[in-house]
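# Results of the structural survey
This is what each chain is made of:
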Amino acid sequence: MQYDTDKLIKSLRSLTCPACDAKKAADNTFCKKCYKQLRPPQRHALYQSAGSPGYGIAFDVAIDALGVTSPVWPEPADQPEPIT
Ligand SMILES: [Zn+2]
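In short, a report on the structure. Just so it is clear, the structure is predicted and the values come from calculations on it, not from any experiment.

Time to look at the overall build of the chain. The helix and strand tally for the chain stands at four helices and zero strands. The C-alpha radius of gyration computed for the chain amounts to 13 Å, which stays within 12% of the reference 12 Å derived for 84 residues, consistent with globular compactness. Projecting the C-alpha coordinates of the chain onto the three principal axes gives extents of approximately 45 × 25 × 20 Å. Split into buried and exposed, the 84 residues of the chain put 19% on the buried side.

Within the chain, aspartate 21 stands out as a residue other than glycine whose phi angle is a positive 70°. Even without being a glycine, aspartate 27 presents a positive backbone phi close to 75°. As for its placement among the helices and strands, aspartate 27 is situated in the loop between α1 (5–13) and α2 (32–37).

The next point concerns the nonpolar core. Counting residues in hydrophobic clusters, the biggest one holds 12 residues: Leu8, Leu12, Cys17, Ala19, Phe30, Cys34, Leu38, Tyr55, Ala58, Phe59, Ala62 and Ile63. Contributions of two or more residues to this core are made by α1 and α4 (53–65). No other element matches α4, which puts five residues into this core. Once you skip the residues sitting within four places of it in the chain, leucine 38 turns out to touch Arg43, Ala62 and Ala65.

Calculation rules
- Residues numbered from 1 in each chain as written.
- Predicted model: local features only at pLDDT ≥ 70, side-chain atom pairs only at ≥ 80, totals over all residues.
- Helix = DSSP H or I, 4+ residues; strand = E, 2+ residues; numbered from the N terminus.
- Rg over C-alpha atoms; globule rule 2.2 N^0.38 Å.
- Buried ≥ 20, exposed ≤ 12 C-beta atoms within 10 Å, placed from the backbone.
- Core = buried A, V, L, I, M, F, W, Y, C linked by C-beta atoms within 7 Å.
- Contact = placed C-beta atoms within 7 Å.

In structure tokens:
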């Protein structure tokens, strides 16, 4: 599954690990614990511009490798209310 670029960038800049909801450093994709579980090629793939299609693919591969089916996204503060 491909994730929304906006979500990926917001997640990258946030302090929440999208895989386990733990604290992470801003500009790191995952927290240290999750990052360590990735294989080296999966880690290297994350070192590209968050807006590039390659990053989206790398994120997808990594989150799958971590066994996460629904990533944790930062609060969408600027999201309009869903119409019900
Ligand atoms: Zn984590």
